[in-house]
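# An overview of the molecular structure
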Amino acid sequence: MSEPSIQRVRRLLILIPAAWKKGARGLSLEDAVRLTGARNAKVVEEDLAYTQGLTLPSYPEHEVMLELTDGRIYALLTAQLVEPPALSLREGAALLAALRPFEGQAGPAVTAAARKLRRGVPGFLRARADELARATDFQISAPGEWVGALEEAIQRRVEVTIVYRADATADATRKVLEPRLLFPQNSRWYLAAWNVEKGAEHLYRLDRIAEVELGARVFGAHQGPPVERLARKHLYFQSGQERQVKVAFRGVAARLIAERNPKATESQPDGTAIYTGMITPGPYLYGWVLGFGGDAEVAAPEDVRAGFLAHVEGLRQRYLS
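These lines cover the structure that appears in this document, whether it is placed above or below. Everything numeric in this text was worked out from a predicted model, so none of it was measured.

Secondary structure assignment for the chain yields 10 helices and 13 strands. In the chain, buried positions account for 33% of the 321 residues. Of the contacts formed within the chain by residues at least 6 apart in sequence, a portion of 60% connects residues at least 24 apart. Element-wise, carbon and sulfur atoms account for 53% of the exposed surface of the chain, whose accessible area totals about 19,100 Å².

So, in structure tokens, the structure goes:
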């Protein structure tokens, strides 16, 4: 499935239920652009044209119809978006696998769709359907304007200089790298490369690379740990120092953590959510918790909580000096 097709399906997964929920009022074209993240109204209109004649294979009479009238989108669905038809193991696994490329970015729309699909699979087969879905991967080309240059550098084993933003707001920095591998993980693409200055392998998100310049130096054998570890479901590599840590979340953060990690999260009567996971105490944990602002805190064990509080106090003193 090509990247444009992936993006179109993602937009339709958001657009169809949003228009359906509006009922007779319809969804404005402007709201459709905002909700789906489309570049403009023309893209949404092209998406609507794409749905013409879309039916459910098992039930041809259940047609999904989207109409655009006077700038508003109306969803006419003979198969209501409440319960899916009964699914076989193979059908459920295939549909769940098709949603996997969107799970990291599409948010509640895809999460709700996946829940309904799982309910459509007989209960005793759901675990097996999830297992098959995780084992199925779609080969999607790496996105971005720098992919061609990086692929050439990897093939020729030539050094590159990139301009990279560590996060959405950080200043860009220049890094000299020996590029090794481009790979997808959780709906994002990464570059694994040897950082020449630091003398270590690091991972760089492609969407944060602002510039790529091919160098003249040719390097030898790739440096760094085995690439097989990058095929794991999550980009977290055990250090042997992991501890069972509990983090308390409030407000919007509580809903987010419960949605993303339902099996590891326990909702509390006061609306908070307690996440329990095996994490190495230190900068990674502290940065993750601080990323939620005042809506997250380390709850246990006590020595890890004390370490987090000491880290926060150190940051406060640094900004006071």
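This part covers helix α4 (residues 89–99). Working note: α-helix, 3.6 residues per turn, so residues spaced by three or four point in the same direction. The set of residues buried in α4 consists of Gly92, Ala93, Leu96, Ala97 and Leu99. End-on view of α4: buried residues confined to an arc of 155°, all on one side of the axis.

Attention now goes to the sheet that holds strand β8 (residues 200–205). Strand order in the open sheet formed by five strands is β8-β7-β6-β5-β9, and the pairing between neighbours is antiparallel. Pairing within the sheet leaves two strands with one partner each, and these edge strands are β8 and β9 (209–218). Each neighbouring strand pair of the sheet contributes to a mean axis angle of 45°, computed without reference to strand direction. Of the strand pairs in this sheet, strand β5 (residues 158–164) and strand β6 (residues 173–185) are connected by five bridges, and their pairing is antiparallel. Across the sheet, the residue bridging to Thr161 is Val176, located in β6.

A full pass over the atoms with the stated rule returns 15 salt bridges. Between Arg305 and Glu297 there is a salt bridge, with the nearest N and O atoms lying 2.8 Å from each other. Residue Arg305 is classed as partly exposed on the basis of its relative accessible area of 23%. By relative accessible area, Glu297 is classed as partly exposed at 26%. A salt bridge links Arg316 to Glu313, with the nearest nitrogen and oxygen atoms 3.0 Å apart. You can see Arg316 and its partner Glu313 sitting in helix α10 (residues 302–320), three residues apart, about one turn around the helix. We classify Arg316 as partly exposed; its relative accessible area is 45%.

Moving on, we come to the packing of helix α9 (residues 283–290) against α10. Closest axis-to-axis distance for the α9/α10 pair is 10 Å, and the angle between their directions is 70°. Here α9 lies roughly perpendicular to α10, going by the angle between them. Across from Leu285, Tyr286, Val289 and Leu290 in α9, the residues of α10 making contact are Val304, Gly307, Phe308, His311, Val312 and Leu315.

A few words now on the sheet that holds strand β12 (residues 273–279). Here we have four strands laid out as an open sheet, ordered β11-β12-β10-β13, and antiparallel in their pairing. Only two strands of the sheet have a single partner each, and these edge strands are β11 (265–267) and β13 (296–300). Between one strand and the next, the sheet's axes are offset by a mean angle of 30°, whatever the strand orientation. Sheet topology places β11 next to β12; three bridges connect them, and they run antiparallel. Residue pairing across strands places Thr265 opposite Tyr275, the latter belonging to β12.

β5 sits mainly inside the fold: seven of its seven residues count as buried. Along β5, one buried face is formed by Val158, Val160, Ile162 and Tyr164 and the opposite face, lined by Glu159, Thr161 and Val163, is buried too. Where β5 meets β9, six bridges bridge the pair, whose relative direction is antiparallel. Counted as the bridge partner of Val160 is Leu214 from β9.

To continue, consider the environment of Ala112. Examined against the element boundaries, Ala112 turns out to sit in helix α5 (residues 108–120). Classification of Ala112 by relative accessible area gives partly exposed; the value is 26%. Linking Ala112 and Glu259, residues 147 residues apart in sequence, is a C-alpha distance of 9.6 Å.

This paragraph deals with the packing of aromatic side chains. In this structure the tally under the stated criterion is seven aromatic pairs. Arranged with centres 5.5 Å apart and planes meeting at 70°, the rings of Tyr275 and Trp288 form a pair that is edge-to-face. Taken together, the residues Tyr275 in strand β12 and Trp288 in helix α9 connect sequence positions 13 residues apart. We classify Trp288 as partly exposed; its relative accessible area is 24%. Ring geometry for Tyr286 against Phe308: centres 5.8 Å apart, planes inclined by 55°, an arrangement best described as tilted. With a gap of 22 residues between them, Tyr286 in helix α9 and Phe308 in helix α10 connect regions that are remote in the sequence. Within the aromatic cluster, the residues linked to one another by ring pairs are Phe249, Tyr275, Trp288 and Phe292.

Conventions adopted
Residues numbered from 1 in each chain as written. Predicted model: local features only at pLDDT ≥ 70, side-chain atom pairs only at ≥ 80, totals over all residues. Heavy atoms only, no water. Helix = DSSP H or I, 4+ residues; strand = E, 2+ residues; numbered from the N terminus. Buried < 20%, exposed > 50% of the residue type's maximum accessible area, 1.4 Å probe, protein only. Contact = heavy atoms within 4.5 Å. Areas by Shrake-Rupley, 256 points an atom, 1.4 Å probe, with all protein chains shown as cover. Arc of directions from axis to C-beta. Pairing = 2+ DSSP bridges. Axes fitted to C-alpha atoms, helices over the stretch in contact; angles between N-to-C directions. Salt bridge = Lys/Arg side-chain N within 4 Å of Asp/Glu carboxyl O. Parallel < 35°, antiparallel > 145°, perpendicular 65-115°, else oblique. Phe/Tyr/Trp six-rings, centres within 6.5 Å; stacked < 30°, edge-to-face > 60°.

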